[in-house]
Amino acid sequence: MTSAVNHFTYGLLTPLLAYVMSCIGSMLGLRLTAQAHASRGGARVRWLLGAAISIGGTGIWVMHFIAMMGFEVEGTQIKYDVWLTVASAVVAIVVVGTGLFLVSYGGGRALSLLGGGLLTGLGVASMHYLGMYAMNMSAHVSYDRVTVALSVGIAVVAATVALWFTLRVKRPILITGAALVMGVAVAGMHYTGMYAMHVTVDAEPGLVAGADALDFLVPLMTVISLITLTMLLMVILSPSEEELHEDAELVAKLELRRRTTQQQQLRYPTPIPRQQPMQARRR
């Protein structure tokens, strides 16, 4: 028989909470990439890794599974394959990180932006469907190909726009606006992909293997959220790109003043007073 699929078991609670988490992850990720662009060497790599965890882990993966907490299929339990679920988190972080590194070290060229957006978008879509494949239930699952293709297209466009934001958006107010847009794009991709899903419950439902969402997903999402909070505190305590620029200008001015003083001393040395002859001093 055909099941009744419900994406909003708890009403607007799960989609709104998922959207908020996506915005928070995106906002922090944009802030971290701005910090990375103001840094060099190992510091730049660390900021980009933090941005990948923030956007891929919190902005995409946590958002996905918060939304999945409101997903219900009448007539069967839903449990999750632990390893596939963890793998989906790794995929989200790795593909976002790869895209960030391509764009950051690509000098802002269009080719690196488009390539990074395509790779990241396909990776985000893979994470989404891998996370859905990790669901175990006593039912047959199929997908509408056209809607799946639409969700993948949304993921690629959203990823490209997000990577463009990491290059152009620096000010806090603009970062906030960009994060709100990214949250809409991620949520739109998620629910478009979920709409492509068709579930038919088995006539005789059997035992469902896997971990319960409350026992497994909630602790995992809590850990990733705590990591995000830690990085948020790091960003708050770290100087902004504007502050770093001002410090660099001040150091440059002080260095220029020091060199100017040295050059003046070399050109116009202070005359040394001549000593009078010994006989003249005796008189």
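Residues numbered from 1 in each chain as written. Predicted model: local features only at pLDDT ≥ 70, side-chain atom pairs only at ≥ 80, totals over all residues. Heavy atoms only, no water.

(A) Region of interest: the overall build of the protein chain. Looking only at helices and strands, the protein chain features nine helices and six strands. Excluding contacts between residues fewer than 6 apart, the proportion of contacts in the protein chain whose partners are at least 24 apart in sequence is 89%. On the protein chain, roughly 16,100 Å² of surface is accessible, and the fraction owed to carbon and sulfur atoms is 66%. (Helix = DSSP H or I, 4+ residues; strand = E, 2+ residues; numbered from the N terminus. Contact = heavy atoms within 4.5 Å. Areas by Shrake-Rupley, 256 points an atom, 1.4 Å probe, with all protein chains shown as cover.)

(B) Examining the nonpolar core more closely. Counting residues in hydrophobic clusters, the biggest one holds 52 residues, and the most contacted among them are Trp 61, Tyr 80 and Met 135. Contributing elements (two or more residues each) for this core: helix 1 (13-37), helix 2 (41-68), helix 3 (82-104), helix 4 (110-133), helix 5 (145-168), helix 6 (172-195), strand 6 (197-201) and helix 7 (213-237). Element by element, the count of residues in this core is highest for helix 2, at 13 residues. Sequence-distant contacts of Tyr 80, that is, excluding residues within four places in its chain, are made with Phe 65, Met 68, Thr 85, Ala 134, Met 135, Asn 136, Gly 210, Ala 211, Ala 213, Phe 216 and Leu 217. By size, the runner-up hydrophobic cluster in this structure holds seven residues, among which are Phe 165, Val 169, Ile 175 and Met 182. (Core = buried A, V, L, I, M, F, W, Y, C linked by side-chain atoms within 4.5 Å. Buried < 20%, exposed > 50% of the residue type's maximum accessible area, 1.4 Å probe, protein only.)

(C) Representation of the side chain of Thr 58 within the structure. Relative to the elements of secondary structure, Thr 58 occurs in helix 2. Thr 58 gets classed as buried once you look at its relative accessible area, which sits at 1%. For Thr 58, the contacting residues outside a window of four places in its chain are Met 21, Gly 25, Ile 53, Met 63, Ile 224 and Thr 228.

(D) Structural context of helix 5. The first and last C-alpha atoms of helix 5 sit 35 Å apart over 24 residues, in line with the 34 Å expected at 1.5 Å per residue. Those residues of helix 5 not exposed but buried are Thr 147, Ser 151, Ala 155, Val 156, Ala 158, Ala 159, Thr 160, Ala 162, Leu 163, Phe 165, Thr 166 and Leu 167. Where helix 5 is buried, its residues touch helix 1, helix 3, helix 4 and helix 6. (Expected span 1.5 Å × (residues − 1).)

(E) Fine view of the packing of helix 2 against helix 6. Interaxial distance between helix 2 and helix 6 falls to 10 Å at its minimum, and their mutual angle equals 45°. Here helix 2 lies oblique to helix 6, going by the angle between them. Read as a crossing pair, helix 2 and helix 6 show a hand that is right-handed. Of helix 6, the residues touching helix 2 (which contributes Gly 59, Ile 60, Met 63, His 64, Ala 67 and Met 68) are Val 186, Ala 187, His 190, Tyr 191 and Met 194. A per-class count over the contact of helix 2 with helix 6 returns eight nonpolar, three polar and no charged. (Axes fitted to C-alpha atoms, helices over the stretch in contact; angles between N-to-C directions. Parallel < 35°, antiparallel > 145°, perpendicular 65-115°, else oblique. Left-handed = near helix turned anticlockwise from the far one by under 90°. Nonpolar A, V, L, I, M, F, W, Y, C, P; charged D, E, K, R; others polar.)

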